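Coordinates in review
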Amino acid sequence: EAGVAQSPRYKIIEKRQSVAFWCNPISGHATLYWYQQILGQGPKLLIQFQNNGVVDDSQLPKDRFSAERLKGVDSTLKIQPAKLEDSAVYLCASRSLKLDRGLPRGYTFGSGTRLTVV
Amino acid sequence: AQTVTQSQPEMSVQEAETVTLSCTYDTSESDYYLFWYKQPPSRQMILVIRQEAYKQQNATENRFSVNFQKAAKSFSLKISDSQLGDAAMYFCAYRSARLGDMRFGAGTRLTVKP
């Protein structure tokens, strides 16, 4: 199966500018996640979608971050305006609700977008 | 809140040798899942192995195995016959069976020496 696609792969912007990231999950995966991974740290969940509805956005800085998943497929994550501390890799992941050998499937991650805010 | 701790920022192993990466977690739940992910420089997170809390038997996947100690809340990863391609960041992760989102540790950078 095709993997999780993300674009762009790299982005450099100045602080206070806006930026958007795009994610195309694996076909049929109902659940989609956006994670922020700051250098030297593990990924931190920003938002979780189930189909086109938000399940958890408690850690999303809503004053500057927004995300949507129209039609329950592709998703975009936007930052407006960006701050220096937003420099990180933004990972998208999706998950099928079907079990694999009786266990929940792990997430399938994309290669991420590396954002540098200068 | 659930937390995941990886106390080894860096580990090194000789090719063909065995290495164990440590992970502990904190939770008050009884039903959850644990995972180990590998992140090479390409940044893509790759699932290495997973374990269900209710299963006593430790999971194994080829050269990768875990030592799951539920009472101690410990979930270590053992890599046998280490290969150069095993060099990467390794992340331990916890997922509640109820809530569904995954929490990651800070990672361990594994270096494999030829």
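Now for a quick tour of the structure. A quick note: this is a predicted structure, and the numbers were derived from the prediction, not measured. (Residues numbered from 1 in each chain as written. Chains lettered and ligands numbered in written order. Predicted model: local features only at pLDDT ≥ 70, side-chain atom pairs only at ≥ 80, totals over all residues. Heavy atoms only, no water.)

1. Digging into the pattern of salt bridges
Residue and element names in this part refer to chain B. Scanning the model with the defined rule gives four salt bridges over all chains in all. The shortest N-O distance in the salt bridge between Asp 86 and Arg 63 comes to 2.8 Å. Here Arg 63 lies in the loop between β7 (60–61) and β8 (64–69) and Asp 86 lies in the loop between β9 (74–79) and β10 (88–96), a separation of 23 residues in the sequence. An identical accessibility class is assigned to Asp 86 and Arg 63; each is buried. (Salt bridge = Lys/Arg side-chain N within 4 Å of Asp/Glu carboxyl O. Helix = DSSP H or I, 4+ residues; strand = E, 2+ residues; numbered from the N terminus. Buried < 20%, exposed > 50% of the residue type's maximum accessible area, 1.4 Å probe, protein only.)

2. Examining the interface of chain A and chain B
The interface is formed by 29 residues belonging to chain A together with 22 residues belonging to chain B. Counting each side, the surface lost to burial between chain A and chain B is near 2000 Å², with a carbon and sulfur contribution of 46%. Scanning the region where chain A abuts chain B turns up zero salt bridges. In this structure, the connection of chain A to chain B is made through nine residue pairs in polar contact (both at pLDDT 80 or more). Elements supplying a minimum of two residues to the side of chain A that touches chain B: β4 (31–37), β5 (44–50), β9 (88–95), β11 (103–104) and β13 (113–117) of chain A. (Contact = heavy atoms within 4.5 Å. Buried area = accessible area lost by both parts, 1.4 Å probe. Polar contact = N/O pair within 3.5 Å; in protein donor to acceptor, adjacent residues only side chain to side chain.)

3. Looking at the state of the cysteines
For the structure shown, the criterion picks out two disulfides over all chains. Disulfide pairing places A:Cys23 opposite A:Cys92 at an S-S distance of 1.9 Å. The sign of the S-S torsion, about -70°, decides the handedness of the disulfide formed by A:Cys23 and A:Cys92: left-handed. Of this pair, A:Cys23 sits in strand β3 (residues 19–24) while A:Cys92 sits in strand β9, placing them 69 residues apart in sequence. Comparing A:Cys23 with A:Cys92 shows no difference in burial state: the two are buried. Disulfide pairing places B:Cys23 opposite B:Cys92 at an S-S distance of 2.0 Å. (Disulfide = S-S within 2.5 Å.)

4. A word on unusual backbone geometry
For the bond from A:Ser7 to A:Pro8, the omega torsion is -5°, close enough to zero to count as cis. With an omega of -5°, the peptide bond between A:Gln80 and A:Pro81 qualifies as cis. Despite not being glycine, B:Lys73 shows a phi value in the positive range, around 55°. Counting through the fold element by element, B:Lys73 comes out in the loop between β8 and β9. For B:Lys73, a relative accessible area of 26% puts it in the partly exposed group.

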